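# Observations on chain architecture
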Amino acid sequence: MAVEQTQESGRRLEHLLLRREIEEFLYAEAALLDEPRFEEWLTVLTDDIRYWMPMRRNVKFGEQERENTRERQDMNWFDEGKTTLQQRVQQIMTGVHWAEEPLSRVCHMVTNVQIVQATATEVTVQSRFLVYRNRLQDETDFFVGKREDVLRKVDGGWKIARRQILLDQNVLLAKNLTVFF
């Protein structure tokens, strides 16, 4: 009995330490996006990243499986890989990107971090986010939702291999969608 309790305590401690490590990674990523250090942010993405945000629909009760547009079948807000994300960053950093000149002031808050599944090299994580954006003098946007990330251990550090972003709104109220989530 004592051996089983010790093993269970060890597993719980290992889980808590992993969750804390993942939380620190997500907070550091949010700081890269807020500061904005986009080129550095690109380095925490795997080369085969899948970065996508389905559109949401209002559906009748019992039809929740239709609420989100389908992956690789329907139109999405984002459905990108690393090359497209690099191109978006390059465009913003030219200083002549009409939707981001001057750059928006952005604050990412990440919370409710939960490890869904973990192996030695990959972790599936769910979290909630609030992204505040202020543009020019009087444009203010709030993006609220949840993410599901697959993080992969690469060269001793975590990288994002997949990110699904679900906004908690089905009509985009912002004038554009240039922020990274």
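Our subject is the structure that appears above.
All of the points below concern the structure found in this document. (Residues numbered from 1 in each chain as written. Predicted model: local features only at pLDDT ≥ 70, side-chain atom pairs only at ≥ 80, totals over all residues. Heavy atoms only, no water.)

### What to know about the packing of aromatic side chains
- In the structure shown here, the tally under the stated rule is 8 aromatic pairs.
- Between the aromatic rings of phenylalanine 78 and phenylalanine 181, the centroid separation amounts to 6.3 Å while the plane-to-plane angle is 55°, which identifies the pairing as tilted. Residue phenylalanine 78 is found in strand 2 (residues 76-80), and its partner phenylalanine 181 is found in the segment after strand 6 (157-167); the two are separated by 103 residues along the sequence. Like phenylalanine 78, the residue phenylalanine 181 is buried in the burial classification.
- Relative to phenylalanine 142, the ring of tyrosine 132 lies with its centre 5.3 Å away and its plane at 55°, an arrangement referred to as tilted. (Phe/Tyr/Trp six-rings, centres within 6.5 Å; stacked < 30°, edge-to-face > 60°. Helix = DSSP H or I, 4+ residues; strand = E, 2+ residues; numbered from the N terminus. Buried < 20%, exposed > 50% of the residue type's maximum accessible area, 1.4 Å probe, protein only.)

### A word on the nonpolar core
- One finds Ile22, Trp41, Tyr51, Phe143, Phe180 and Phe181 to be the most contacted residues of the largest nonpolar core, which totals 39 residues.
- Counting residues per element, the ones that place at least two in this core are helix 1 (2-34), helix 2 (38-42), strand 1 (45-54), helix 3 (82-93), strand 3 (105-118), strand 4 (122-135), strand 5 (139-154) and strand 6.
- Here this core takes 7 residues from helix 1, the largest share from any one element.
- Once residues within four sequence positions are removed from consideration, isoleucine 22 is found in contact with Val113, Ile115, Val123, Val125, Leu151 and Trp158. (Core = buried A, V, L, I, M, F, W, Y, C linked by side-chain atoms within 4.5 Å. Contact = heavy atoms within 4.5 Å.)

### Quick word on the pairing of strand 3
- Of the pairings in the sheet, the one linking strand 3 to strand 4 comprises 11 bridges and is antiparallel in character. The partner of threonine 111 across the bridge, within strand 4, is arginine 128. (Pairing = 2+ DSSP bridges.)

### Considerations on the sheet that holds strand 6
- Strand order across the open sheet formed by 6 strands is 2-1-6-5-4-3, with mixed pairing between neighbours. The open sheet has two edge strands, strand 2 and strand 3, and neither has a second partner. Sheet twist, expressed as the mean angle between neighbouring strand axes with direction ignored, is 20°.
- Sheet strands in contact with helix 1 are strand 3, strand 4, strand 5 and strand 6, and its direction is about 155° off that of strand 3. (Axes fitted to C-alpha atoms, helices over the stretch in contact; angles between N-to-C directions.)

### Focus: unusual backbone geometry
- In this model, asparagine 112 sits at a positive phi of 50°, which is unusual for a non-glycine residue.
- Looking at the secondary structure, you find asparagine 112 in strand 3.
- Positive phi outside glycine occurs at leucine 136, with the angle close to 55°.
- Relative to the elements of secondary structure, leucine 136 occurs in the loop between strand 4 and strand 5.
- On the accessibility criterion, leucine 136 (33% relative accessible area) is partly exposed.

### As for helix 1
- Spanning 33 residues, helix 1 covers 48 Å between terminal C-alpha atoms, matching the ideal 48 Å at 1.5 Å per step.
- For helix 1, the set of buried residues is Leu18, Ile22, Glu23, Phe25, Leu26, Glu29, Ala30, Leu32 and Leu33.
- Where helix 1 is buried, its residues meet helix 2, strand 3, strand 4, strand 5 and strand 6. (Expected span 1.5 Å × (residues − 1).)

### Overview of the environment of glutamate 29
- Within the secondary structure layout, glutamate 29 lies in helix 1.
- Each C-alpha atom, one on glutamate 29 and one on asparagine 76, is 23 Å from the other, the two residues being 47 residues apart in sequence.
- If we ignore the near neighbours within four places in the chain, the residues touching glutamate 29 are Trp41, Val44, Arg147, Ile160 and Arg163.

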